[in-house]
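One letter stands for each residue in the lines below.
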Amino acid sequence: MTNRPFKTGESRDQASLLPPRIEDYVGPDNPVRAIESFVCALGLAKLGFRHAERSAEAMGQPPYDPADLLKLYLYGYINQVRSSRRLEREACRNLELIWLLRNLKPGYRTIANFRKENWKALKAVNHSFVLLARELGLVGGTLVAIDGALFHGDASKASIFTRRKLAEQIANLDKEIEAYGKSLEDNDATEAGQPTDGPDGDGAGHGSDLEARVNELMAKRSRAQADLEGLDTSEKRQLSLTDPDARLLSKGDQTIAGYNVQSVVDDKHKLIVASEVVNSSDAGHLHAMAKAAKEVLQAKSLQVLADAGYYNSTDLKACEDDGIEAYLPPSEGNGVLEKQGRFSLKNFSYDATADAYHCPAGELLRPTKGRFTNTSGRVEIRYLGRKAICGACPLRARCLAPKAAYRSICRWEHEDVIERHRARMQSAGADELMRRRSAIVEHPFGTIKCRAGYRHFLLRGFNKVRGEWSLMALCYNFTRVLNILGFEGFVAAVAKAITSRKCLPAAVMDVLQRALQPFWMQIVPRLSVRLP
Ligand code: SF4
(Lines give C-alpha, C1' and ligand atoms only; values in the text may rest on other atoms or scores of the structure.)
Protein backbone atom coordinates (compact mmCIF):
# COMPACT_ATOMS: atom_id res chain seq x y z
CA MET A 1 0.00 0.00 0.00
CA THR A 2 1.22 3.49 -0.85
CA ASN A 3 -0.38 6.81 -0.22
CA ARG A 4 -0.08 7.93 -3.89
CA PRO A 5 -1.82 6.67 -7.04
CA PHE A 6 1.14 7.15 -9.43
CA LYS A 7 4.90 7.41 -9.37
CA THR A 8 5.90 11.03 -8.91
CA GLY A 9 8.96 12.95 -10.13
CA GLU A 10 11.10 15.43 -8.27
CA SER A 11 9.76 18.78 -7.22
CA ARG A 12 10.60 21.57 -9.66
CA ASP A 13 11.54 23.70 -6.69
CA GLN A 14 14.39 21.38 -5.78
CA ALA A 15 17.66 23.38 -5.82
CA SER A 16 19.86 20.88 -7.66
CA LEU A 17 19.22 17.52 -9.25
CA LEU A 18 22.42 17.03 -11.19
CA PRO A 19 25.78 16.18 -9.63
CA PRO A 20 27.77 19.33 -8.79
CA ARG A 21 30.66 18.40 -11.12
CA ILE A 22 30.22 18.03 -14.92
CA GLU A 23 32.74 15.21 -14.62
CA ASP A 24 30.14 13.19 -12.72
CA TYR A 25 27.48 13.60 -15.45
CA VAL A 26 28.78 10.47 -17.16
CA GLY A 27 29.93 7.22 -15.64
CA PRO A 28 33.55 6.03 -15.71
CA ASP A 29 32.84 3.52 -18.47
CA ASN A 30 30.41 5.60 -20.52
CA PRO A 31 31.19 5.10 -24.26
CA VAL A 32 31.38 8.89 -24.66
CA ARG A 33 34.77 8.66 -22.93
CA ALA A 34 35.92 6.41 -25.78
CA ILE A 35 35.13 9.24 -28.22
CA GLU A 36 37.13 11.62 -26.02
CA SER A 37 40.10 9.25 -25.90
CA PHE A 38 40.10 8.67 -29.65
CA VAL A 39 39.81 12.35 -30.66
CA CYS A 40 42.44 13.39 -28.10
CA ALA A 41 44.81 10.89 -29.63
CA LEU A 42 44.47 12.38 -33.13
CA GLY A 43 46.90 14.94 -34.53
CA LEU A 44 44.23 17.25 -35.95
CA ALA A 45 46.70 19.70 -37.53
CA LYS A 46 48.42 16.87 -39.38
CA LEU A 47 45.06 15.58 -40.55
CA GLY A 48 44.30 19.00 -42.03
CA PHE A 49 41.56 20.37 -39.76
CA ARG A 50 40.95 24.09 -40.11
CA HIS A 51 42.12 26.18 -37.11
CA ALA A 52 43.94 23.17 -35.64
CA GLU A 53 47.24 25.08 -35.62
CA ARG A 54 45.86 28.40 -34.35
CA SER A 55 48.10 29.95 -31.73
CA ALA A 56 46.91 31.60 -28.51
CA GLU A 57 48.35 34.93 -29.74
CA ALA A 58 46.18 35.00 -32.88
CA MET A 59 43.96 38.07 -33.23
CA GLY A 60 40.17 38.07 -33.02
CA GLN A 61 37.55 35.90 -31.36
CA PRO A 62 38.93 32.40 -30.81
CA PRO A 63 37.11 29.77 -32.90
CA TYR A 64 35.85 26.47 -31.55
CA ASP A 65 38.53 23.83 -31.21
CA PRO A 66 38.14 21.42 -34.17
CA ALA A 67 38.58 18.58 -31.67
CA ASP A 68 35.36 19.64 -29.89
CA LEU A 69 33.40 19.85 -33.13
CA LEU A 70 34.76 16.48 -34.26
CA LYS A 71 33.67 14.95 -30.95
CA LEU A 72 30.23 16.48 -31.44
CA TYR A 73 29.91 14.96 -34.92
CA LEU A 74 31.24 11.58 -33.83
CA TYR A 75 28.76 11.48 -30.96
CA GLY A 76 25.96 12.69 -33.24
CA TYR A 77 26.54 10.21 -36.06
CA ILE A 78 26.91 7.32 -33.61
CA ASN A 79 23.60 8.30 -32.02
CA GLN A 80 21.69 9.01 -35.27
CA VAL A 81 21.74 12.79 -34.83
CA ARG A 82 23.36 14.42 -37.84
CA SER A 83 21.56 17.62 -38.75
CA SER A 84 23.45 20.69 -37.57
CA ARG A 85 20.30 22.17 -35.97
CA ARG A 86 19.61 19.00 -34.00
CA LEU A 87 23.26 18.79 -32.94
CA GLU A 88 23.02 22.38 -31.71
CA ARG A 89 19.97 21.47 -29.60
CA GLU A 90 21.55 18.30 -28.25
CA ALA A 91 24.70 20.17 -27.22
CA CYS A 92 22.51 22.30 -24.90
CA ARG A 93 20.43 19.55 -23.27
CA ASN A 94 22.24 16.24 -23.59
CA LEU A 95 24.36 15.55 -20.48
CA GLU A 96 26.80 13.31 -22.36
CA LEU A 97 27.39 16.08 -24.89
CA ILE A 98 27.65 18.70 -22.14
CA TRP A 99 30.39 16.53 -20.63
CA LEU A 100 32.04 15.87 -24.00
CA LEU A 101 32.06 19.55 -25.02
CA ARG A 102 32.59 20.89 -21.49
CA ASN A 103 29.32 22.85 -21.78
CA LEU A 104 30.32 24.54 -25.04
CA LYS A 105 27.28 25.37 -27.16
CA PRO A 106 28.28 25.95 -30.80
CA GLY A 107 25.60 27.36 -33.13
CA TYR A 108 24.22 25.33 -36.01
CA ARG A 109 26.06 27.41 -38.62
CA THR A 110 29.41 26.72 -36.95
CA ILE A 111 28.52 23.03 -36.74
CA ALA A 112 27.39 22.86 -40.38
CA ASN A 113 30.44 24.78 -41.66
CA PHE A 114 32.82 22.44 -39.82
CA ARG A 115 31.45 19.45 -41.74
CA LYS A 116 31.54 21.30 -45.07
CA GLU A 117 35.02 22.80 -44.65
CA ASN A 118 36.79 19.75 -43.25
CA TRP A 119 35.66 17.04 -45.67
CA LYS A 120 39.24 16.13 -46.53
CA ALA A 121 40.27 15.99 -42.88
CA LEU A 122 37.23 13.82 -42.07
CA LYS A 123 38.39 11.38 -44.75
CA ALA A 124 41.83 11.40 -43.14
CA VAL A 125 40.34 10.65 -39.68
CA ASN A 126 38.42 7.73 -41.15
CA HIS A 127 41.68 6.48 -42.68
CA SER A 128 43.49 6.93 -39.34
CA PHE A 129 40.92 4.80 -37.58
CA VAL A 130 41.43 2.00 -40.11
CA LEU A 131 45.18 2.21 -39.46
CA LEU A 132 44.48 2.01 -35.73
CA ALA A 133 42.27 -1.07 -36.28
CA ARG A 134 45.11 -2.61 -38.27
CA GLU A 135 47.59 -1.85 -35.47
CA LEU A 136 45.21 -3.49 -33.02
CA GLY A 137 45.07 -6.62 -35.17
CA LEU A 138 41.37 -6.21 -35.86
CA VAL A 139 41.72 -6.71 -39.61
CA GLY A 140 42.72 -9.99 -41.20
CA GLY A 141 44.28 -8.35 -44.24
CA THR A 142 43.97 -11.40 -46.49
CA LEU A 143 40.35 -11.51 -47.63
CA VAL A 144 38.08 -8.55 -48.42
CA ALA A 145 34.76 -8.09 -50.19
CA ILE A 146 33.80 -5.11 -52.35
CA ASP A 147 30.33 -3.83 -53.05
CA GLY A 148 28.50 -0.64 -53.85
CA ALA A 149 25.34 0.72 -52.21
CA LEU A 150 23.10 3.45 -53.55
CA PHE A 151 22.44 6.41 -51.25
CA HIS A 152 19.94 9.15 -52.05
CA GLY A 153 21.46 12.56 -52.61
CA ASP A 154 19.93 15.88 -51.62
CA ALA A 155 18.24 16.04 -55.02
CA SER A 156 15.04 14.72 -56.57
CA LYS A 157 14.83 12.52 -59.64
CA ALA A 158 12.98 15.35 -61.39
CA SER A 159 16.02 17.61 -60.99
CA ILE A 160 18.26 15.27 -63.04
CA PHE A 161 18.01 15.18 -66.83
CA THR A 162 19.34 12.74 -69.38
CA ARG A 163 19.50 13.57 -73.11
CA ARG A 164 16.36 11.50 -73.69
CA LYS A 165 14.51 13.26 -70.88
CA LEU A 166 15.48 16.70 -72.24
CA ALA A 167 14.48 15.75 -75.79
CA GLU A 168 11.12 14.52 -74.49
CA GLN A 169 10.67 17.71 -72.49
CA ILE A 170 11.42 19.83 -75.58
CA ALA A 171 8.96 17.80 -77.67
CA ASN A 172 6.24 18.20 -75.02
CA LEU A 173 6.93 21.93 -74.76
CA ASP A 174 6.68 22.24 -78.56
CA LYS A 175 3.27 20.59 -78.45
CA GLU A 176 2.11 22.88 -75.64
CA ILE A 177 3.42 25.98 -77.41
CA GLU A 178 1.67 24.91 -80.61
CA ALA A 179 -1.62 24.39 -78.74
CA TYR A 180 -1.35 27.76 -77.03
CA GLY A 181 -0.41 29.40 -80.36
CA LYS A 182 -3.56 27.96 -81.89
CA SER A 183 -5.60 29.25 -78.95
CA LEU A 184 -4.06 32.68 -79.49
CA GLU A 185 -5.01 32.64 -83.17
CA ASP A 186 -8.57 31.53 -82.32
CA ASN A 187 -8.76 34.25 -79.72
CA ASP A 188 -7.57 36.88 -82.23
CA ALA A 189 -10.15 35.69 -84.75
CA THR A 190 -12.95 35.83 -82.16
CA GLU A 191 -11.93 39.30 -81.04
CA ALA A 192 -11.73 40.52 -84.64
CA GLY A 193 -15.42 39.54 -85.11
CA GLN A 194 -16.57 41.37 -81.98
CA PRO A 195 -17.27 45.14 -81.50
CA THR A 196 -14.38 47.06 -79.90
CA ASP A 197 -14.42 47.52 -76.10
CA GLY A 198 -16.15 50.44 -74.56
CA PRO A 199 -14.31 53.11 -72.64
CA ASP A 200 -13.96 50.74 -69.60
CA GLY A 201 -12.53 47.75 -71.49
CA ASP A 202 -8.73 47.13 -71.63
CA GLY A 203 -8.85 45.29 -74.96
CA ALA A 204 -6.56 42.50 -73.58
CA GLY A 205 -8.00 40.00 -71.07
CA HIS A 206 -7.76 36.32 -72.09
CA GLY A 207 -5.48 36.99 -75.06
CA SER A 208 -2.72 38.60 -72.94
CA ASP A 209 -2.85 35.68 -70.45
CA LEU A 210 -2.28 33.25 -73.30
CA GLU A 211 0.61 35.32 -74.64
CA ALA A 212 2.28 35.41 -71.22
CA ARG A 213 1.94 31.63 -70.93
CA VAL A 214 3.40 31.13 -74.43
CA ASN A 215 6.37 33.35 -73.53
CA GLU A 216 6.89 31.37 -70.36
CA LEU A 217 6.88 28.09 -72.30
CA MET A 218 9.25 29.53 -74.92
CA ALA A 219 11.69 30.55 -72.18
CA LYS A 220 11.45 27.05 -70.65
CA ARG A 221 12.08 25.52 -74.06
CA SER A 222 15.16 27.72 -74.61
CA ARG A 223 16.58 26.60 -71.26
CA ALA A 224 15.93 22.93 -72.05
CA GLN A 225 17.52 23.37 -75.50
CA ALA A 226 20.58 25.05 -73.95
CA ASP A 227 20.84 22.21 -71.39
CA LEU A 228 20.65 19.63 -74.16
CA GLU A 229 23.36 21.39 -76.18
CA GLY A 230 25.46 21.65 -73.00
CA LEU A 231 25.16 17.88 -72.49
CA ASP A 232 26.06 17.23 -76.13
CA THR A 233 29.25 19.25 -75.85
CA SER A 234 30.31 17.86 -72.47
CA GLU A 235 31.36 14.37 -71.39
CA LYS A 236 28.47 14.21 -68.92
CA ARG A 237 25.56 11.91 -69.61
CA GLN A 238 23.23 13.54 -67.12
CA LEU A 239 22.58 17.08 -65.98
CA SER A 240 21.75 17.58 -62.33
CA LEU A 241 20.31 20.95 -61.39
CA THR A 242 20.09 20.69 -57.57
CA ASP A 243 23.18 18.70 -56.69
CA PRO A 244 25.60 18.95 -59.62
CA ASP A 245 27.27 15.62 -58.80
CA ALA A 246 24.20 13.50 -58.03
CA ARG A 247 23.11 11.11 -60.79
CA LEU A 248 20.20 8.84 -61.61
CA LEU A 249 21.54 5.42 -60.64
CA SER A 250 19.85 2.04 -60.94
CA LYS A 251 20.41 -1.31 -59.25
CA GLY A 252 17.94 -4.14 -59.64
CA ASP A 253 14.51 -2.55 -59.69
CA GLN A 254 15.65 0.50 -57.70
CA THR A 255 16.46 3.87 -59.28
CA ILE A 256 17.60 6.76 -57.13
CA ALA A 257 18.94 10.28 -57.54
CA GLY A 258 22.19 10.20 -55.60
CA TYR A 259 25.50 8.42 -55.21
CA ASN A 260 27.03 4.95 -55.25
CA VAL A 261 29.16 4.26 -52.18
CA GLN A 262 31.94 1.76 -52.83
CA SER A 263 33.14 -0.12 -49.76
CA VAL A 264 35.84 -2.69 -49.15
CA VAL A 265 35.13 -4.76 -46.05
CA ASP A 266 37.67 -6.94 -44.26
CA ASP A 267 36.60 -10.49 -43.52
CA LYS A 268 37.86 -10.71 -39.92
CA HIS A 269 35.54 -8.27 -38.14
CA LYS A 270 33.58 -6.75 -41.06
CA LEU A 271 35.34 -3.41 -40.75
CA ILE A 272 35.29 -0.98 -43.69
CA VAL A 273 38.94 -0.66 -44.69
CA ALA A 274 38.54 1.47 -47.83
CA SER A 275 35.64 3.34 -49.35
CA GLU A 276 34.83 5.93 -51.97
CA VAL A 277 31.75 7.80 -53.14
CA VAL A 278 31.17 7.67 -56.90
CA ASN A 279 28.28 8.64 -59.14
CA SER A 280 28.47 5.78 -61.62
CA SER A 281 27.77 2.04 -61.57
CA ASP A 282 30.03 -0.57 -59.90
CA ALA A 283 31.74 -1.43 -63.21
CA GLY A 284 35.30 -0.18 -63.45
CA HIS A 285 35.90 0.24 -59.69
CA LEU A 286 37.26 -3.22 -58.87
CA HIS A 287 40.96 -2.49 -59.22
CA ALA A 288 40.95 1.00 -57.66
CA MET A 289 39.05 -0.18 -54.56
CA ALA A 290 41.05 -3.39 -54.18
CA LYS A 291 44.32 -1.48 -54.52
CA ALA A 292 43.25 1.10 -51.92
CA ALA A 293 42.42 -1.75 -49.52
CA LYS A 294 45.70 -3.53 -50.18
CA GLU A 295 47.64 -0.36 -49.44
CA VAL A 296 45.84 0.41 -46.21
CA LEU A 297 46.15 -3.20 -45.06
CA GLN A 298 49.81 -3.30 -46.12
CA ALA A 299 49.11 -6.75 -47.53
CA LYS A 300 51.55 -8.48 -49.87
CA SER A 301 48.69 -10.30 -51.55
CA LEU A 302 44.97 -9.99 -51.19
CA GLN A 303 41.91 -12.03 -52.12
CA VAL A 304 39.04 -9.84 -53.27
CA LEU A 305 35.41 -10.93 -53.61
CA ALA A 306 32.95 -8.99 -55.75
CA ASP A 307 29.72 -9.54 -57.65
CA ALA A 308 29.22 -9.76 -61.42
CA GLY A 309 28.65 -5.99 -61.70
CA TYR A 310 32.40 -5.46 -61.20
CA TYR A 311 33.50 -7.75 -64.02
CA ASN A 312 35.94 -5.91 -66.25
CA SER A 313 38.82 -7.58 -68.08
CA THR A 314 41.13 -4.55 -67.78
CA ASP A 315 40.48 -4.43 -64.02
CA LEU A 316 41.25 -8.15 -63.73
CA LYS A 317 44.59 -7.59 -65.47
CA ALA A 318 45.42 -4.61 -63.22
CA CYS A 319 44.50 -6.65 -60.11
CA GLU A 320 46.73 -9.51 -61.22
CA ASP A 321 49.61 -7.11 -61.85
CA ASP A 322 49.21 -5.72 -58.30
CA GLY A 323 49.11 -9.11 -56.57
CA ILE A 324 45.35 -9.04 -56.04
CA GLU A 325 43.44 -12.30 -56.58
CA ALA A 326 39.94 -11.36 -57.71
CA TYR A 327 36.98 -13.71 -57.28
CA LEU A 328 33.87 -12.64 -59.16
CA PRO A 329 31.48 -14.41 -61.52
CA PRO A 330 32.97 -14.59 -65.04
CA SER A 331 31.17 -12.70 -67.77
CA GLU A 332 29.05 -14.89 -70.01
CA GLY A 333 28.96 -12.22 -72.72
CA ASN A 334 25.69 -10.99 -74.12
CA GLY A 335 24.69 -14.45 -75.36
CA VAL A 336 23.72 -13.20 -78.84
CA LEU A 337 25.33 -16.15 -80.63
CA GLU A 338 23.78 -18.69 -78.23
CA LYS A 339 20.36 -17.12 -78.82
CA GLN A 340 20.91 -17.56 -82.57
CA GLY A 341 21.84 -21.21 -81.94
CA ARG A 342 25.44 -20.60 -83.01
CA PHE A 343 28.75 -21.59 -81.41
CA SER A 344 30.23 -18.94 -79.14
CA LEU A 345 33.79 -18.52 -77.87
CA LYS A 346 33.04 -21.08 -75.14
CA ASN A 347 32.85 -23.79 -77.81
CA PHE A 348 36.38 -23.08 -79.04
CA SER A 349 39.45 -24.08 -77.01
CA TYR A 350 42.74 -22.21 -77.14
CA ASP A 351 45.96 -24.14 -77.63
CA ALA A 352 48.76 -22.00 -76.23
CA THR A 353 51.53 -24.20 -77.69
CA ALA A 354 50.19 -23.92 -81.21
CA ASP A 355 48.77 -20.42 -80.70
CA ALA A 356 45.56 -21.52 -82.36
CA TYR A 357 41.93 -22.26 -81.50
CA HIS A 358 40.40 -25.73 -81.86
CA CYS A 359 36.88 -25.43 -83.25
CA PRO A 360 33.99 -27.85 -82.47
CA ALA A 361 34.78 -29.72 -85.70
CA GLY A 362 38.37 -30.24 -84.53
CA GLU A 363 39.90 -27.84 -87.05
CA LEU A 364 42.39 -25.09 -86.23
CA LEU A 365 41.82 -21.32 -86.43
CA ARG A 366 45.15 -19.56 -86.92
CA PRO A 367 46.11 -15.98 -85.95
CA THR A 368 46.34 -13.25 -88.56
CA LYS A 369 49.28 -10.88 -88.61
CA GLY A 370 48.91 -7.60 -86.73
CA ARG A 371 46.58 -6.49 -83.97
CA PHE A 372 43.65 -4.15 -83.85
CA THR A 373 41.94 -2.09 -81.19
CA ASN A 374 38.26 -2.86 -80.66
CA THR A 375 35.54 -0.34 -79.79
CA SER A 376 36.17 -0.70 -76.04
CA GLY A 377 39.90 0.01 -76.48
CA ARG A 378 41.17 -3.56 -76.07
CA VAL A 379 43.99 -4.69 -78.36
CA GLU A 380 42.94 -7.96 -79.96
CA ILE A 381 44.26 -10.62 -82.35
CA ARG A 382 41.99 -12.18 -84.97
CA TYR A 383 41.98 -15.99 -85.49
CA LEU A 384 40.52 -17.30 -88.75
CA GLY A 385 39.28 -20.64 -90.05
CA ARG A 386 40.09 -21.70 -93.61
CA LYS A 387 37.56 -20.95 -96.32
CA ALA A 388 37.82 -24.37 -97.93
CA ILE A 389 37.41 -26.24 -94.62
CA CYS A 390 34.59 -24.07 -93.20
CA GLY A 391 32.73 -24.12 -96.51
CA ALA A 392 32.63 -27.93 -96.45
CA CYS A 393 32.03 -28.28 -92.71
CA PRO A 394 28.83 -30.09 -91.63
CA LEU A 395 28.60 -27.75 -88.61
CA ARG A 396 28.82 -24.52 -90.62
CA ALA A 397 25.11 -23.69 -90.11
CA ARG A 398 25.71 -23.55 -86.34
CA CYS A 399 29.04 -21.80 -86.65
CA LEU A 400 29.08 -19.22 -89.43
CA ALA A 401 27.13 -16.01 -89.93
CA PRO A 402 24.75 -16.32 -92.94
CA LYS A 403 27.07 -14.57 -95.40
CA ALA A 404 30.43 -15.59 -93.88
CA ALA A 405 32.76 -17.94 -95.74
CA TYR A 406 34.84 -18.84 -92.68
CA ARG A 407 34.77 -18.42 -88.91
CA SER A 408 36.71 -15.66 -87.16
CA ILE A 409 37.40 -15.25 -83.44
CA CYS A 410 38.94 -12.29 -81.63
CA ARG A 411 41.28 -12.84 -78.71
CA TRP A 412 42.34 -10.11 -76.30
CA GLU A 413 46.12 -9.78 -76.08
CA HIS A 414 45.85 -10.54 -72.32
CA GLU A 415 43.21 -13.26 -72.67
CA ASP A 416 45.38 -15.50 -70.47
CA VAL A 417 44.31 -13.28 -67.53
CA ILE A 418 40.67 -14.14 -68.22
CA GLU A 419 41.51 -17.83 -68.60
CA ARG A 420 43.31 -17.85 -65.26
CA HIS A 421 40.34 -16.08 -63.68
CA ARG A 422 37.93 -18.68 -65.13
CA ALA A 423 40.12 -21.50 -63.82
CA ARG A 424 40.25 -19.81 -60.41
CA MET A 425 36.46 -19.56 -60.29
CA GLN A 426 36.20 -23.29 -61.06
CA SER A 427 38.75 -24.26 -58.41
CA ALA A 428 37.80 -25.86 -55.10
CA GLY A 429 36.84 -23.24 -52.56
CA ALA A 430 35.72 -20.58 -55.03
CA ASP A 431 32.03 -21.32 -54.45
CA GLU A 432 32.48 -21.14 -50.70
CA LEU A 433 34.29 -17.78 -51.04
CA MET A 434 31.47 -16.38 -53.19
CA ARG A 435 28.93 -17.51 -50.59
CA ARG A 436 30.87 -15.56 -47.95
CA ARG A 437 30.97 -12.42 -50.09
CA SER A 438 27.54 -11.07 -49.30
CA ALA A 439 27.82 -11.98 -45.60
CA ILE A 440 31.01 -9.90 -45.38
CA VAL A 441 30.06 -6.86 -47.39
CA GLU A 442 26.38 -6.55 -46.51
CA HIS A 443 27.16 -6.24 -42.80
CA PRO A 444 28.23 -2.56 -42.87
CA PHE A 445 25.57 -1.50 -45.37
CA GLY A 446 22.87 -3.31 -43.39
CA THR A 447 24.01 -1.62 -40.20
CA ILE A 448 24.42 1.85 -41.70
CA LYS A 449 21.23 1.82 -43.75
CA CYS A 450 18.82 -0.23 -41.65
CA ARG A 451 20.00 0.22 -38.07
CA ALA A 452 21.31 3.77 -38.23
CA GLY A 453 18.76 4.73 -40.90
CA TYR A 454 21.32 6.52 -43.07
CA ARG A 455 19.95 6.11 -46.58
CA HIS A 456 20.59 9.60 -47.87
CA PHE A 457 23.17 12.35 -47.72
CA LEU A 458 22.38 15.74 -46.24
CA LEU A 459 25.05 17.61 -48.21
CA ARG A 460 25.52 18.32 -51.90
CA GLY A 461 28.54 17.90 -54.16
CA PHE A 462 31.23 15.22 -54.22
CA ASN A 463 33.55 16.76 -51.64
CA LYS A 464 30.95 17.38 -48.97
CA VAL A 465 29.23 14.04 -49.61
CA ARG A 466 32.59 12.28 -49.30
CA GLY A 467 33.15 14.04 -45.97
CA GLU A 468 29.73 12.96 -44.76
CA TRP A 469 30.29 9.38 -45.88
CA SER A 470 33.62 9.40 -43.99
CA LEU A 471 31.70 10.25 -40.82
CA MET A 472 29.22 7.41 -41.44
CA ALA A 473 31.99 4.89 -42.14
CA LEU A 474 34.05 6.11 -39.19
CA CYS A 475 31.09 5.80 -36.82
CA TYR A 476 30.31 2.31 -38.12
CA ASN A 477 33.93 1.20 -37.58
CA PHE A 478 34.15 3.02 -34.24
CA THR A 479 31.00 1.39 -32.86
CA ARG A 480 32.07 -1.98 -34.20
CA VAL A 481 35.52 -1.80 -32.60
CA LEU A 482 33.95 -0.60 -29.35
CA ASN A 483 31.57 -3.59 -29.44
CA ILE A 484 34.36 -6.02 -30.26
CA LEU A 485 36.83 -4.81 -27.64
CA GLY A 486 34.39 -3.47 -25.06
CA PHE A 487 34.93 -0.08 -23.43
CA GLU A 488 37.86 -1.20 -21.29
CA GLY A 489 39.58 -2.93 -24.16
CA PHE A 490 38.98 -0.01 -26.52
CA VAL A 491 40.44 2.66 -24.26
CA ALA A 492 43.34 0.43 -23.29
CA ALA A 493 44.00 -0.35 -26.96
CA VAL A 494 43.93 3.34 -27.95
CA ALA A 495 46.34 4.11 -25.10
CA LYS A 496 48.58 1.21 -26.12
CA ALA A 497 48.58 2.25 -29.76
CA ILE A 498 49.42 5.88 -29.05
CA THR A 499 52.05 5.16 -26.42
CA SER A 500 53.72 2.73 -28.80
CA ARG A 501 54.06 5.57 -31.31
CA LYS A 502 55.92 7.64 -28.70
CA CYS A 503 55.00 10.83 -30.49
CA LEU A 504 52.04 12.12 -28.54
CA PRO A 505 52.48 15.67 -27.28
CA ALA A 506 52.47 16.04 -23.50
CA ALA A 507 49.42 18.33 -23.64
CA VAL A 508 47.38 15.67 -25.43
CA MET A 509 48.45 13.03 -22.96
CA ASP A 510 47.37 15.35 -20.17
CA VAL A 511 43.89 15.82 -21.69
CA LEU A 512 43.59 12.11 -22.32
CA GLN A 513 44.57 11.22 -18.80
CA ARG A 514 42.17 13.72 -17.28
CA ALA A 515 39.30 12.55 -19.53
CA LEU A 516 39.82 8.95 -18.59
CA GLN A 517 40.84 9.45 -14.99
CA PRO A 518 37.75 7.80 -13.47
CA PHE A 519 38.17 4.89 -15.85
CA TRP A 520 41.84 4.43 -15.09
CA MET A 521 41.26 4.55 -11.36
CA GLN A 522 38.76 1.72 -11.57
CA ILE A 523 39.94 -0.34 -14.48
CA VAL A 524 43.66 0.07 -15.05
CA PRO A 525 44.74 -2.05 -12.08
CA ARG A 526 43.10 -4.95 -13.91
CA LEU A 527 44.82 -4.27 -17.23
CA SER A 528 48.34 -4.82 -18.34
CA VAL A 529 48.39 -1.52 -20.32
CA ARG A 530 49.34 1.67 -18.53
CA LEU A 531 49.67 5.24 -19.60
CA PRO A 532 53.15 6.67 -19.13
S1 SF4 B 1 32.61 -23.90 -89.74
FE2 SF4 B 1 34.81 -23.86 -89.68
S3 SF4 B 1 35.29 -23.14 -87.63
FE4 SF4 B 1 33.14 -23.70 -87.64
S5 SF4 B 1 33.11 -25.77 -86.86
FE6 SF4 B 1 33.21 -25.90 -89.07
S7 SF4 B 1 35.36 -26.01 -89.55
FE8 SF4 B 1 35.20 -25.33 -87.48
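Scroll up to find the structure.
Anyway, here's the lowdown on the structure attached to this text. Here the structure is a predicted model, which means the values were calculated and not measured. (Residues numbered from 1 in each chain as written. Predicted model: local features only at pLDDT ≥ 70, side-chain atom pairs only at ≥ 80, totals over all residues. Heavy atoms only, no water.)

## Focus: the site of the ligand
The ligand sits among Cys-359, Ala-361, Glu-363, Leu-365, Ile-389, Cys-390, Cys-393, Arg-396, Cys-399, Leu-400 and Arg-407. Only helix 13 (387-391) and helix 14 (396-399) provide two or more residues apiece to the shell around the ligand. Across the shell around the ligand, the residue classes tally to eight nonpolar, no polar and three charged. (Near = heavy atom within 4 Å. Helix = DSSP H or I, 4+ residues; strand = E, 2+ residues; numbered from the N terminus. Nonpolar A, V, L, I, M, F, W, Y, C, P; charged D, E, K, R; others polar.)

## Remarks on the pairing of strand 11 (residues 364-367)
Pairing of strand 10 (residues 356-358) with strand 11, which is carried by two bridges, proceeds in the antiparallel orientation. What sits directly across from Tyr-357, in strand 11, is Leu-365. Bridge count for strand 11 against strand 13 (residues 379-384) is two bridges, and the pairing is antiparallel. Residue Pro-367 lies in a different strand from strand 13, and its bridge partner there is Tyr-383. (Pairing = 2+ DSSP bridges.)

## Some remarks on the nonpolar core
General note: in soluble globular proteins, nonpolar side chains tend to be found buried as a group. Within the largest apolar cluster, 107 residues are counted, with the highest numbers of intra-cluster contacts made by Phe-38, Leu-286 and Trp-469. Of all the elements, helix 17 (residues 462-501) adds the most residues to this core, at 17 residues. Look past the residues within four positions of Phe-38 in its chain and what remains in contact with it is Leu-74, Val-125, Phe-129, Leu-132, Leu-474 and Phe-478. Counting residues in each nonpolar core, the second largest holds eleven residues, with Cys-359, Cys-390, Cys-399 and Ile-409 among its members. (Core = buried A, V, L, I, M, F, W, Y, C linked by side-chain atoms within 4.5 Å. Buried < 20%, exposed > 50% of the residue type's maximum accessible area, 1.4 Å probe, protein only. Contact = heavy atoms within 4.5 Å.)

## Quick notes on the pattern of salt bridges
Under the defined criterion, the tally for this structure stands at 28 salt bridges. Between Asp-174 and Arg-221 there is a salt bridge, and its shortest N-O distance comes to 2.4 Å. Taken as a pair, Asp-174 in helix 8 (residues 163-192) and Arg-221 in helix 9 (residues 206-233) lie far apart in primary sequence, 47 residues in all. The salt bridge partner of Asp-321 is Lys-317, with a shortest N-O separation of 2.7 Å. With Asp-321 and Lys-317 both in helix 11 (residues 313-321), this residue pair falls four residues apart, about one helical turn. Here the salt bridges share partners, and the residues they tie into one network are Glu-36, Asp-68, Lys-71 and Arg-102. (Salt bridge = Lys/Arg side-chain N within 4 Å of Asp/Glu carboxyl O.)

## What about the packing of helix 11 against helix 15 (residues 415-426)?
Contact geometry of helix 11 with helix 15 gives a least axis separation of 9 Å together with a crossing angle of 80°. Between helix 11 and helix 15, the interaxial angle falls into the category roughly perpendicular. Where helix 11 approaches helix 15, its residues Ser-313, Leu-316, Lys-317 and Glu-320 are matched on the opposing element by Val-417, Ile-418, Arg-420 and His-421. Class assignment of the residues belonging to the contact of helix 11 with helix 15 gives a composition of three nonpolar, two polar and three charged. (Axes fitted to C-alpha atoms, helices over the stretch in contact; angles between N-to-C directions. Parallel < 35°, antiparallel > 145°, perpendicular 65-115°, else oblique.)

## Side note on the packing of aromatic side chains
Applying the stated rule across the entire model yields 15 aromatic pairs. Seen in terms of ring centroids, Tyr-259 and Phe-457 are 5.9 Å apart; in terms of plane orientation they differ by 80°. Their pairing is edge-to-face. Taken together, the positions of Tyr-259 in strand 5 (residues 254-266) and Phe-457 in the loop between helix 16 (430-451) and helix 17 put the pair 198 residues apart, joining distant regions of the chain. The exposure class assigned to Tyr-259 is buried, which follows from its relative accessible area of 0%. By way of ring pairs, the aromatic residues Phe-49, Tyr-73, Tyr-77, Phe-114 and Tyr-454 are connected into one cluster. If you follow Arg-466 out to its NZ or CZ, it ends over the ring of Phe-462, 4.1 Å from the centre. (Phe/Tyr/Trp six-rings, centres within 6.5 Å; stacked < 30°, edge-to-face > 60°. Lys NZ or Arg CZ within 6 Å of the ring centre and 35° of its normal.)

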